[in-house]
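Remarks on the overall topology
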Amino acid sequence: MAGSASEDAEPHFEQGPVRILFGQRKGAYPDGNSILVQGENESLLIDPALGLHTRSVGLPAVDRVLLSHCHEDHIAGLALFPETPVHLHALDRPGLDSLDDMLAIYGYGGAIEETFRTVLVDTFHYAPRRDAQTFVDGDVFDAGGVKVRMHHAPGHTRGHTCMMVEWDEGGTPRRLLYLGDIELTGFGPYYGDQWSDLEDFERSLQWVRGVEADWYATFHHIGVLGERARFLERLDLFEGAIARREKALIEFLAEPHTLDEVADHRFVYRPGDDVSFADAVERRSMQQHIDRLAANGRVRSLPEGRYQVA
Ligand SMILES: [Zn+2]
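Keep in mind that this is a model prediction, so the values were computed, not measured.

What follows concerns the coordination of the zinc ion. Here the zinc ion is held by His-69 (NE2), His-71 (ND1), His-156 (NE2) and Asp-181 (OD), and the distances to it run 2.1 to 2.2 Å. Around the zinc ion sit four donor atoms, and with donor-metal-donor angles ranging over 91 to 170° the site reads as irregular. Mapped onto the sequence, the residues coordinating the zinc ion show the spacing H-x1-H-x84-H-x24-D. Residue His-69 is found in the loop between strand 5 (64–66) and strand 6 (86–89), and its partner Asp-181 is found in the loop between strand 11 (172–178) and helix 4 (198–209); the two are separated by 112 residues along the sequence.

Now the structure itself:
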């Protein structure tokens, strides 16, 4: 992938009490970028990523782990902190009860699910955390001189939450908005799980667009952006994927097609992308587009499970 000199540089971010622990390849999946918030009383670790298992400089001291949501890559480092209190949104909390509860979030089913069950344990170190505690929208963790405020932003998962890290720097208020998997990439929003919801995601994007912060951080790829104009540019690109998928679907449904054919055609992933769960994700994602186009009278159902533009 081409990139400017600054994008190729070793990423580093440290501002006041906030440090980003960048993952391999700027936190490209399956790794990610964890955030360490070091307050006067407590150190908070947000989204412990896979790369923490192989960190060359050792693990930071952590008093509490906060999770933006319950997905494999965001909890991959959790096994390193088995005695540390962990908190996540009440709606995603069931995912830490057992492997079966975790798999229910994705709802892939069939052979894809059986493969993913193994991947969750072998690659992502999944272990239940029945002691996990919950938070809801508006809750604040005060680490001493720095606060982390929870903003429920569902759609990616039911409980997906953005976090505003707030502190004071010589009388100037500073704010870093952690976006979790509102990841600002050209791939666009992921709403391919049973627990994902396209229209919740759209409402969350509308909310996030209005939020002012000094920095905007994501778990993957983008890392951290310090200019609002750059953030809005990336947000446009990211959000635009929803309309691009829907437009392509409408074009495809000029002729009648079944959901199987829609999934085979691929609207979320590219035809050549080697992703084990692609078929399940295409189905779940594009069914939501079909459902709303049908509700608006733009697509009609035909016999034998086919759909066509009305
Ligand atoms: Zn996720």
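This part takes up the sheet that holds strand 16 (residues 306–309). Within a beta sheet, neighbouring strands are joined by backbone hydrogen bonds and run either parallel or antiparallel to one another. Reading across from one edge, 14-16-15 is the order of the three strands in this open sheet, with antiparallel pairing throughout. At either end of the open sheet lies a strand with only one pairing partner, and these are strand 14 (257–258) and strand 15 (299–302).

Quick look at the domain arrangement of the protein chain now. According to the domain assignment, the protein chain contains domain 1 (5–240) and domain 2 (253–309). The centre of domain 1, based on its C-alpha atoms, is set 29 Å off from the matching centre of domain 2. Every contact between the two is made by 14 residues of domain 1 and, on the other side, 12 residues of domain 2. Where domain 1 abuts domain 2, roughly 1,200 Å² becomes buried across the two surfaces, and 58% of that area is made up of carbon and sulfur atoms. Here domain 1 and domain 2 share two salt bridges between them.

So, how was this worked out
Residues numbered from 1 in each chain as written. Predicted model: local features only at pLDDT ≥ 70, side-chain atom pairs only at ≥ 80, totals over all residues. Heavy atoms only, no water. Donors = N, O, S within 2.8 Å, 3.2 Å for Na, K, Ca; no water. Tetrahedral: all angles 85-135°; square planar, octahedral: opposite > 155°, others 65-115°. Helix = DSSP H or I, 4+ residues; strand = E, 2+ residues; numbered from the N terminus. Pairing = 2+ DSSP bridges. Domains from an automatic or database assignment. Contact = heavy atoms within 4.5 Å. Buried area = accessible area lost by both parts, 1.4 Å probe. Salt bridge = Lys/Arg side-chain N within 4 Å of Asp/Glu carboxyl O.

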